[in-house]
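Fold and contact review
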Amino acid sequence: MISLSTLLDQITQLNLSGFKQALELQSEGIKYQSLSFEERLYHLFEAEINQRHDKRIKRMLSFAKLKDSSASLDQIEYHAKRNLDKSQILSLANCEFINKAQNILLTGMTGTGKSFLAQALARRAIALGYSAKYYRINTLLEEIKMARLDGSYTKTLAKISKFKLLLLDDFGITPLKGDEINDLFEIIEERTLSGSIIITAQLPIKEWYAYLGNETIADAMMDRLIHTAHKIELKGPSMRELMAND
C-alpha cells in the first residue's frame, strides 16, 4: 500500500504545492471521507489552480510597481462635490475598456484623488488577470532616455508595450524637453489597438495641446489618446483635507 508520505514526496517533486496542502487537509478531515474519488480529486486540483492564480496575481502586482498597492475601488469616496459618477466607475471595473483598447483620462487639482483612483483601477485590472505597469511620467521619460544612451531603446519599448494597461501619473507637471515629446508619442503609438492607458493630470484636457507644443505630434498623440477615451474630471476639495476632518 502506498503511504501518504510517498504521495507527498512525489507531489513535491512535481511542485504541486496547492495540491499537496489540500491532500494533507483531506487526510486529516473526516468531512472529505464521504466524498467520491472524483469529488476529492476535483478539490485537490481546484486548490492547485487557486494557488497558482494567487501567485500569478502577486507576481503581477509586484511587476506593476504601484505607488499604493493597497488602492482599491472599495475605498473610493463618492462625495457629491467630487464630480465622480459611481455608475461610471463600476462600469469601468469590469475592465472591458482594456479589451477594447480604450483609455482613461483623469484630470483634477492636486489632492482630488486622481492617482488613487487610477491605481485602484489598475489593481482591479490585475485581479482580473490583466498585466499593468505604473510610471510617473518623468520616471518613464528618464528610463527611455537612458535606454537610448545604452542602446536598449527598442527592447525597452517592447518591455513597456507588453503590459495590457499602462498607468502614466502626473502628466503635464514639468515641461517636456528635447526628444521627450517624441518618446512619449512612441509609447502611446505602441499601444494603439493593443492596450490601454490611464493618464492622470492636473492640466485640463483642453490645455494638453498647448503643453505638448509640437502641433504635428500633439495632433497625432491626442487623436490616439482621446478617441473613445473615458474622461473623468475630479473636482472638490483635497481628499487629504476631507479625511483629516472626518
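Going by the structure above, here's the rest.
What comes next is a walk through the structure. (Residues numbered from 1 in each chain as written. Predicted model: local features only at pLDDT ≥ 70, side-chain atom pairs only at ≥ 80, totals over all residues. Heavy atoms only, no water.)

**Here's the deal with the sheet that holds strand β4 (residues 196-201)**
The test is simple: In this description, strands pair whenever DSSP reports at least two bridges between them. Numbering goes from the N terminus for both helices and strands, where a helix is a DSSP run of H or I of at least four residues and a strand is a run of E of at least two. Simply put, an axis is a line fit to the C-alpha atoms, just over the touching stretch for a helix, and the angle between two N-to-C directions goes from 0 to 180 degrees.
Here we have 5 strands laid out as an open sheet, ordered β2-β3-β4-β1-β5, and parallel in their pairing. Whereas interior strands pair on both sides, the edge strands pair on one side only; in this sheet they are β2 (132-136) and β5 (230-233). Across the sheet, the axes of successive neighbouring strands diverge by a mean angle of 10°, strand direction being ignored. Looking at chain direction, strand β1 (residues 104-107) and β4 are connected through 4 bridges and run parallel.

**So, helix α11 (residues 215-226)**
Quick reminder of the rule: In this scheme, a helix's expected span is set at 1.5 Å multiplied by one less than its residue total. Relative accessibility thresholds used throughout: buried, under 20% of the residue-type maximum; exposed, over 50%; partly exposed, between the two (1.4 Å probe, protein chains only). The arc in question is traced by the directions running from the helix axis to the C-beta atoms. In what follows, a contact means two residues having at least one pair of non-hydrogen atoms within 4.5 Å.
With 12 residues, α11 ought to run about 16 Å at 1.5 Å a step, and its terminal C-alpha atoms sit 16 Å apart, in line with that. Among the residues of α11, Ile-217, Ala-218, Met-221, Met-222 and Leu-225 are the ones counted as buried. Projection of α11 onto a plane perpendicular to its axis shows the buried side chains occupying an angular sector of 120°, all on one side. Relative to its buried face, α11 has exposed residues pointing more than 90 degrees away, namely Glu-215 and Thr-216. Here the buried face of α11 lies against β1, α9 (180-191), β4 and α10 (208-212).

**Considering the packing of helix α1 (residues 4-13) against helix α2 (residues 17-28)**
Our working definition: With respect to orientation, any angle under 35 degrees is reported as roughly parallel, any angle over 145 as roughly antiparallel, any angle of 65 to 115 as roughly perpendicular, and every other angle as oblique. Whether a crossing is left-handed or right-handed is set by the direction in which the near helix is turned from the far one by less than a right angle, anticlockwise for left-handed and clockwise for right-handed. Charged means Asp, Glu, Lys or Arg here, nonpolar means Ala, Val, Leu, Ile, Met, Phe, Trp, Tyr, Cys or Pro, and polar covers whatever is left, Gly included.
One can describe the packing of α1 onto α2 by two numbers: an axis separation of 9 Å at closest approach and a directional angle of 165°. Relative to α2, the element α1 lies roughly antiparallel. Regarding α1 and α2, the two cross each other, and that crossing is right-handed. Contacts between α1 and α2 involve Leu-4, Leu-7, Leu-8, Ile-11 and Thr-12 from the first element and Phe-19, Lys-20, Leu-23, Glu-24 and Ser-27 from the second. When the residues that make up the contact of α1 with α2 are grouped by side-chain class, the tally is 6 nonpolar, 2 polar and 2 charged.

**A closer look at the packing of aromatic side chains**
Just so we agree on the cut-off: Here a Phe, Tyr or Trp ring, Trp counted by its six-membered ring, pairs with any other such ring whose centre lies within 6.5 Å, and the pair is stacked when the planes are under 30 degrees apart, edge-to-face when over 60, and tilted otherwise. Counted as over-ring charges are cases with an Arg CZ or a Lys NZ within 6 Å of the ring centre that also lie within 35 degrees of the ring normal.
Tallied over the full model, the rule gives 3 aromatic pairs. Each ring, one from Phe-171 and one from Tyr-211, has its centre 5.2 Å from the other, and the planes form 75°; the classification is edge-to-face. Of this pair, Phe-171 sits in strand β3 (residues 165-171) while Tyr-211 sits in helix α10, and the two are 40 residues apart along the sequence. Here the aromatic residues Phe-171, Trp-208 and Tyr-211 are joined through ring pairs into a cluster of three or more. The ring of Tyr-135 has Lys-133 sitting right over it, with the charged end atom 5.3 Å from the ring centre.

**Regarding the pattern of salt bridges**
Test applied: Salt bridge criterion: a side-chain nitrogen from Lys or Arg within 4 Å of a carboxyl oxygen from Asp or Glu.
Tallied over the entire structure, the rule returns 6 salt bridges. Across the pair Arg-52 and Glu-48 runs a salt bridge, and its minimum N-O distance is 2.7 Å. Placement of both Arg-52 and Glu-48 in helix α3 (residues 37-64) is noted, with a separation of 4 residues, approximately one turn of the helix. The residue Lys-67 makes a salt bridge to Asp-169 at a minimum N-O spacing of 3.7 Å. Within this pair, whereas Lys-67 is found in the loop between α3 and α4 (86-92), its partner Asp-169 is found in strand β3, the two being separated by 102 residues in sequence.

**Regarding the side chain of Ser-196**
Inclusion rule: Here a polar contact is taken to be a pair of N or O atoms separated by no more than 3.5 Å, where protein atoms must pair a possible hydrogen donor with a possible acceptor and residues adjacent in sequence count only if both atoms sit in side chains.
Structurally, the position occupied by Ser-196 is in strand β4. One polar contact links the side chain of Ser-196 to the main-chain carbonyl oxygen of Phe-97, over a distance of 3.3 Å. Beyond its immediate chain neighbours, meaning those up to four positions away, Ser-196 contacts Phe-97, Ile-98, Ala-101, Gln-102, Asn-103, Lys-164, Leu-165, Leu-166 and Arg-191.

**Examining the pairing of β1**
Here β1 shows no split at all, with Ile-104 and Leu-106 on one side and Leu-105 and Thr-107 on the other all buried. With 4 bridges joining them, β1 and β5 adopt parallel strand pairing. Looking across to β5, one finds that Leu-105 is bridged to Lys-231.

**So, the packing of α2 against α3**
Packing of α2 against α3 leaves a shortest axis separation of 7 Å and a crossing angle of 140°. The pairing of α2 with α3 is recorded here as oblique in orientation. For the pair α2 and α3, the crossing hand works out as right-handed. Along its contact with α2, which presents Ser-17, Gly-18, Phe-19, Gln-21, Ala-22, Leu-23 and Gln-26, the element α3 presents Arg-40, Leu-41, His-43, Leu-44, Phe-45, Ala-47, Glu-48, Gln-51 and Lys-55. Among the residues forming the contact of α2 with α3, the class breakdown is 7 nonpolar, 6 polar and 3 charged.

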